[in-house]
Amino acid sequence: MRRLPLGSLRVFVSVAQHLNFTRAADALGVTASAASLQVRALEEYLGQRLFRRNGRMVHLTNEGAALLPRVQRALEELERAVDDVRLDRLPGPLRVTTLTSFLQLWLLPRMARFRSAHPEIDLHIHTSADAVDFVRDDFHLAIRFGMGGWPNLWSEKVLDEWLLPVCTPALYAKHGPVRTAPHLKPYPLVHSVSEPWTAWLFDGRADRYAGGFRGAVFEDSESVVRTAVQGAGLALARWSLVADEIHCGTLVAAGRAVQYDRSYWLVCPARVRDSQSAGTFMDWIRAEADLFKSTRGVPNSS
């Protein structure tokens, strides 16, 4: 049997669905350059051009359009076959993967209610910023932060997200509200590499370089929130991670919130939805998300 380039075919499907290498790479958890190299390798293997490139945007050629539905059907059938075998050998705990920040600052404070309501479910939670490969890794379900559109997977958005500046009440009393870039100058600033201050200034888009902003920069969003709670600076934070702190008065919103272009999604292979334990956990997440929205509301965007 020929060694088919299955990895490149998966990248081809993602790029064809998004018609954008950056978004396709984000969905797959790889870099845009790696996705581009995979597509070029597939084109060389086939001896056919699959895309017409126009800057960041791409369009399917006639050959690519003809190939796409057949590859999609084949990959879906292959993944279903693997899932049928793999999930049958994964009895026991429900394995869920998510971001460390979301686990520590949103999920864990609510987990006691899940354990109380469903003591029969043994839940194992894994944390990683990398996209999970359900075919290769032993996970049933993921809570991902992104823009959706993961190929060959079922997904459902459960929480929208906003970015807003937060600090302690004492620091806010000293320096006052922030509305534009000049208002940031009196504050020591804190942000993460994935959510720079430019994302707040440019309507929730985190694709602009933030090198002009001084202050502390962290790799993870949890450290940003912890630093703000300690009173060490004005932090650009995700609403989901600070809403409870604002509710109890530990932090205050120092300026407007901007809706982020990323949200939280439940993601899994389609067959997992038929699993009783996974379905129970997803129903609980939906209920907790609805409770969060009704009790914490939407941050002020004015």
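From a predicted model like this one, the values you see are computed outputs, not experimental measurements.

Caption draft 1: Examining the overall build of the protein chain more closely. From N to C terminus, the protein chain includes ten helices and 13 strands. Based on the C-alpha atoms only, the size of the protein chain along its principal axes is roughly 70 × 50 × 25 Å. Residues counted as buried form 46% of the 302 residues belonging to the protein chain. For the protein chain, long-range pairs separated by at least 24 residues make up 76% of all intrachain contacts whose partners lie at least 6 apart in sequence. Of the accessible surface of the protein chain, which amounts to about 15100 Å², a share of 52% is contributed by carbon and sulfur atoms. Of note, the protein chain has its 36 positive side-chain charges centred 6 Å away from the centre of its 32 negative side-chain charges.

Caption draft 2: Examining the pattern of salt bridges more closely. For the structure shown, the criterion picks out 13 salt bridges. Across the salt bridge formed by R262 and D261, the nearest N and O atoms sit 2.8 Å from each other. Classification of D261 as partly exposed rests on a relative accessible area of 33%. Taken together, the shared-partner salt bridges connect R110, R113, D244, E288 and R296 into one network.

Caption draft 3: Quick look at the confidence of the model for the protein chain. For the protein chain, the mean per-residue pLDDT works out to 88, and 91% of the residues sit at or above 70. The model gives residues 206-211 a pLDDT under 50, and that stretch makes twelve contacts with residues more than four places away or in other chains.

Caption draft 4: Seen up close, the environment of W197. Summarising the element assignment, W197 is placed in helix α7 (residues 197-201). A residue is classified by how much of its surface remains accessible, and W197, at 0% relative accessible area, is buried. Along the backbone, W197 and L163 are 34 residues apart, and their C-alpha atoms lie at a distance of 9.4 Å. One polar contact links the side chain of W197 to the main-chain carbonyl oxygen of V190, over a distance of 3.4 Å.

Caption draft 5: Seen up close, the side chain of T61. The residue T61 is located in the loop between β2 (57-60) and α4 (62-88) in this model. For T61, a relative accessible area of 7% puts it in the buried group. Those residues in contact with T61, other than ones at most four positions away along the chain, are R49, L50, F51 and R52.

Caption draft 6: Spatial organisation of the nonpolar core. The biggest cluster of nonpolar side chains holds 59 residues, and the ones touching the most others in it are L107, I143, V166, L234, L266, F281 and I285. Not counting chain neighbours up to four residues away, the residues in contact with I143 comprise V96, T97, T98, L99, F102, L107, W265, L266, F281 and I285. Counting residues in each nonpolar core, the second largest holds 19 residues, with F12, V13, A35 and L75 among its members.

Caption draft 7: Summary view of the sheet that holds strand β3 (residues 94-98). The five strands lie next to each other as β4-β3-β5-β13-β6, forming an open sheet whose pairing is mixed. For this open sheet the edge positions go to β4 (123-127) and β6 (154-159), each flanked by a neighbour on one side alone. Going from strand to strand, the sheet's axes swing by 25 degrees on average, the running direction of each strand aside. Bridge count between β6 and strand β13 (residues 263-268): five bridges; the pairing is antiparallel. What sits directly across from E156, in β13, is L266.

What counts, and at which threshold
What you see as residue numbers is a count from 1 along each chain, following the sequence as written. Selection of residues for local features in this predicted model requires a pLDDT of at least 70, selection of side-chain atom pairs for listing and counting requires 80 or more, and totals for whole chains, interfaces and linings are taken over all residues. Side-chain calculation: all heavy atoms of the structure are included, whereas hydrogens and water are not. A run of H or I in DSSP becomes a helix once it reaches four residues, and a run of E becomes a strand once it reaches two; helices and strands are each numbered from the N terminus. Three exposure classes are used, based on accessible area relative to the maximum for each residue type with a 1.4 Å probe and protein chains only: buried under 20%, partly exposed in between, and exposed over 50%. A contact between two residues is defined here by any heavy atoms of the two lying within 4.5 Å. Note on areas: Shrake-Rupley, 1.4 Å probe, and residue coverage restricted to the protein chains presented here. Under this rule, positive means Lys or Arg and negative means Asp or Glu; His and the chain ends count for nothing. All charge positions are set by atom: Lys at NZ, Arg at CZ, Asp at CG, Glu at CD. A pairing counts as a salt bridge when a side-chain nitrogen of Lys or Arg comes within 4 Å of a carboxyl oxygen of Asp or Glu. For every residue, the predictor reports its confidence as pLDDT, a number between 0 and 100. Nitrogen and oxygen atoms within 3.5 Å of one another constitute a polar contact, given that in protein one can donate a hydrogen and the other can accept it, and given that sequence-neighbouring residues count only through two side-chain atoms. Take the buried Ala, Val, Leu, Ile, Met, Phe, Trp, Tyr and Cys residues and link them wherever side-chain atoms come within 4.5 Å; each set so joined is a nonpolar core. In this scheme, strands are said to pair when DSSP sees at least two bridges between them. To define axes, lines are fitted to C-alpha atoms, for helices over the stretch in contact only, and angles between the resulting N-to-C directions are given on a 0 to 180 degree scale.

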